[in-house]
Amino acid sequence: AKANGRDDCVFFDPIMQKELSYTLELEKDLKAAIDEEHFVLHYQPQYDRQQNIVSAEALIRWDSPSKGLLYPIHFIDFAEETNLILPIGNWVITQACQQLQRWKSQPILQDLQLSVNISAKQVWHKSFVNDIIDIVKKYQVSPSQLMLEITESVVLKDLTESVAKMNQLRDFGFKMSLDDFGTGYSSLGYLKSLPIDELKIDKSFVNDITVDESDLIMVKAILDLGKNFKLNVVSEGVETQTQRDMLYDLGCNLYQGYYYSKPLPLENFVSVVQNTNAL
Ligand code: C2E
Ligand code: CA
Ligand code: CA
Ligand code: CA
């Protein structure tokens, strides 16, 4: 094929050509993965102050027959750009609800809450609220067992619209979490008008809490905010006992990170819960 005008040469640039075919290939693969449900959720436990597992964050992996297990960094941004995140997002919510439904009859698992990540495209999509309500109804799950994680940066892009959507979801009974909190570099005035239940401290702050004074100040400030607004605060990326103890002394409510557990395949997650939570 021959392109028009002066950009002719660009069209034949072998690097561009390679990128383009890579992109087309990826889009084709991802569409097939959606049709064939080649995804799995891994569950990363969240521990309360008494070291019981009270919830878990569901994290998606693409289980590709040809490429092996692919982590979100390799496909979530692309899925977002191509709107394929919409069917993927619905798949995630459906899976989480199916799991909650299966756990209903099991005393050790029935009270677990699941957190799912909601992307920008989902939040802005017109049928999002109805879609998610339909899914929980279908699986007869209590919406209060689902914590919807929305990043601070998504919320700040259109505060009025976000608050409206979040209110609808919360009025129905879903729990709302503000993910990657503190990374938006914004004034905090908006927090008081936000319909949320939880703040999630980004792991970038937790990471250096023992060595970097400014990270410690951030974490303290977030925990104070949580206390004053009566929000649960979750620390993500807790990797060491020292970090955990420090966060504990500062009053953190929930802990998630490699110190306790990596995100686990379903069966492993279930046995960790069974071994951790005494009945
Ligand atoms: P996130 O929401 O900030 O999730 C936390 C990430 O930190 C996860 O990476 C988790 O495995 C990792 N992590 C947990 N504990 C530790 C720790 O102690 N140390 C370190 N270094 N990392 C830890 P993962 O699973 O690779 O997910 C990356 C991102 O992909 C997530 O960041 C989230 O933004 C996105 N994502 C994952 N699943 C979904 C999904 O179902 N839908 C959407 N829209 N995005 C998702
Ligand atoms: Ca998250
Ligand atoms: Ca994130
Ligand atoms: Ca994060």
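This text follows the structure it describes.
Residues numbered from 1 in each chain as written. Chains lettered and ligands numbered in written order. Predicted model: local features only at pLDDT ≥ 70, side-chain atom pairs only at ≥ 80, totals over all residues. Heavy atoms only, no water.

### Quick notes on the coordination of the calcium ion (ligand 2)
Then, number 1: Those protein atoms acting as donors to the calcium ion (ligand 2) are Glu57 (OE), Asn117 (OD1), Glu149 (OE) and Asp179 (OD), and they sit at 2.1 to 2.4 Å.
Then, number 2: Read from N- to C-terminus, the donor residues coordinating the calcium ion (ligand 2) fall into the pattern E-x59-N-x31-E-x29-D.
Then, number 3: Separating the calcium ion (ligand 2) from the calcium ion (ligand 3) is a gap of 5.3 Å. Taken together, the residues span a long stretch of sequence, with Asn117 in strand β4 (residues 113-117) and Asp179 in strand β6 (residues 175-181) at a distance of 62 residues.
Then, number 4: Owing to a relative accessible area of 5%, Asp179 belongs among the buried residues under this scheme. (Donors = N, O, S within 2.8 Å, 3.2 Å for Na, K, Ca; no water. Helix = DSSP H or I, 4+ residues; strand = E, 2+ residues; numbered from the N terminus. Buried < 20%, exposed > 50% of the residue type's maximum accessible area, 1.4 Å probe, protein only.)

### Overview of the coordination of the calcium ion (ligand 3)
Then, number 1: Within the first shell, the calcium ion (ligand 3) binds the protein through Asp180 (OD) and Asp180 (OD), at distances of 2.6 to 3.1 Å.
Then, number 2: Relative to the assigned elements, Asp180 resides in strand β6.

### Re a nonpolar patch on the surface
Then, number 1: A surface patch of nonpolar side chains, about 320 Å² in accessible area, is lined by Leu69, Tyr71 and Ile73.
Then, number 2: Within the secondary structure, Tyr71 is located in the loop between β3 (68-70) and α3 (76-81).
Then, number 3: Given a relative accessible area of 39%, Tyr71 falls into the partly exposed group. (Patch = residues over 30% accessible without salt bridge, like charges linked within 9 Å, V, L, I, M, F, W, Y side chains within 5 Å. Areas by Shrake-Rupley, 256 points an atom, 1.4 Å probe, with all protein chains shown as cover. Salt bridge = Lys/Arg side-chain N within 4 Å of Asp/Glu carboxyl O.)

### Quick look at the pattern of salt bridges
Opposite charge on two side chains permits them to pair, given that their charged atoms come into close proximity.
Then, number 1: For the structure shown, the criterion picks out seven salt bridges.
Then, number 2: Residue Lys31 is joined to Glu27 by a salt bridge in which the shortest nitrogen-to-oxygen separation is 3.4 Å. Here Glu27 and Lys31 lie together in helix α2 (residues 14-36), a separation of four residues that amounts to about one turn.
Then, number 3: Looking at Lys31, the relative accessible area reads 42%, which means it is partly exposed.

### Concerning helix α10 (residues 213-228)
Then, number 1: For α10, built from 16 residues, the straight-helix expectation of 22 Å at 1.5 Å per residue is met to within 8% by its first-to-last C-alpha distance of 23 Å.
Then, number 2: When α10 is considered as a whole, its buried residues turn out to be Asp215, Leu216, Val219, Ile222, Leu223, Leu225 and Gly226.
Then, number 3: One or two residues past the end of α10 sits Lys230, with phi positive at roughly 55 degrees. (Expected span 1.5 Å × (residues − 1).)

### Observations concerning the packing of aromatic side chains
Then, number 1: All chains considered together, the criterion is met by eleven aromatic pairs.
Then, number 2: With 5.6 Å between their ring centres and 85 degrees between their planes, Trp62 and Phe75 make a pair best called edge-to-face. Placement of the pair is Trp62 in strand β2 (residues 53-64) and Phe75 in the loop between β3 and α3, with a sequence separation of 13 residues. You'll find Trp62 and Phe75 in the same group, each marked buried. (Phe/Tyr/Trp six-rings, centres within 6.5 Å; stacked < 30°, edge-to-face > 60°.)

### A look at the nonpolar core
Then, number 1: By size, the foremost hydrophobic cluster in this structure holds 80 residues, and its most contacted members are Phe39, Leu146 and Leu199.
Then, number 2: When residues in this core are grouped by element, the largest group, ten residues, is from helix α4 (residues 85-103).
Then, number 3: Leaving out residues up to four positions away in the same chain, Leu199 has contacts with Leu178, Phe181, Leu191, Ile222, Leu225, Gly226, Leu231, Asn232, Val233 and Val234. (Core = buried A, V, L, I, M, F, W, Y, C linked by side-chain atoms within 4.5 Å. Contact = heavy atoms within 4.5 Å.)

### Here we look at the environment of Leu100
Then, number 1: Considering the arrangement of structural elements, one finds Leu100 in helix α4.
Then, number 2: Classification of Leu100 as buried rests on a relative accessible area of 2%.
Then, number 3: The sequence separation of Leu100 and Val136 amounts to 36 residues, and the corresponding C-alpha distance is 9.8 Å.

### Here we look at the pairing of strand β5 (residues 146-151)
Then, number 1: By the criterion of burial, β5 is predominantly enclosed, with six of the six residues buried.
Then, number 2: Burial of the side chains of β5 extends over both faces: Leu146, Leu148 and Ile150 are buried on one face and Met147, Glu149 and Thr151 on the other.
Then, number 3: Where β4 meets β5, four bridges bridge the pair, whose relative direction is parallel. Within β5, the residue paired with Leu114 across the bridge is Leu146.
Then, number 4: As judged from the five bridges shared by β5 and β6, these two strands associate in the parallel manner. Bridge assignment links Met147 to a residue of β6, and that residue is Lys175. (Pairing = 2+ DSSP bridges.)

### A few points about helix α8 (residues 159-172)
Then, number 1: With 14 residues, α8 extends 20 Å from end C-alpha to end C-alpha; this agrees with the ideal 20 Å at 1.5 Å per step.
Then, number 2: Within the span of α8, buried status applies to Ser162, Val163, Lys165, Met166 and Leu169.
Then, number 3: Buried residues along α8 sit in contact with α5 (120-124), α6 (128-138), β5, α7 (152-157) and β6.
Then, number 4: Of the residues one or two after α8, Gly173 is the one with positive phi, at around 120 degrees.

### Some details on the site of ligand 1
Then, number 1: Around ligand 1, 20 residues are found, and the nearest of them are Gln44, Arg61, Lys203, Glu239 and Tyr258.
Then, number 2: Here an oxygen atom of ligand 1 sits 3.2 Å away from a polar atom, N or O, in the side chain of Asp179.
Then, number 3: In the model, a nitrogen atom of ligand 1 is placed 2.5 Å from a nitrogen or oxygen of the Glu239 side chain.
Then, number 4: Coverage of ligand 1 by the protein amounts to 82% of the 800 Å² it exposes when considered alone. (Near = heavy atom within 4 Å. Polar contact = N/O pair within 3.5 Å; in protein donor to acceptor, adjacent residues only side chain to side chain.)

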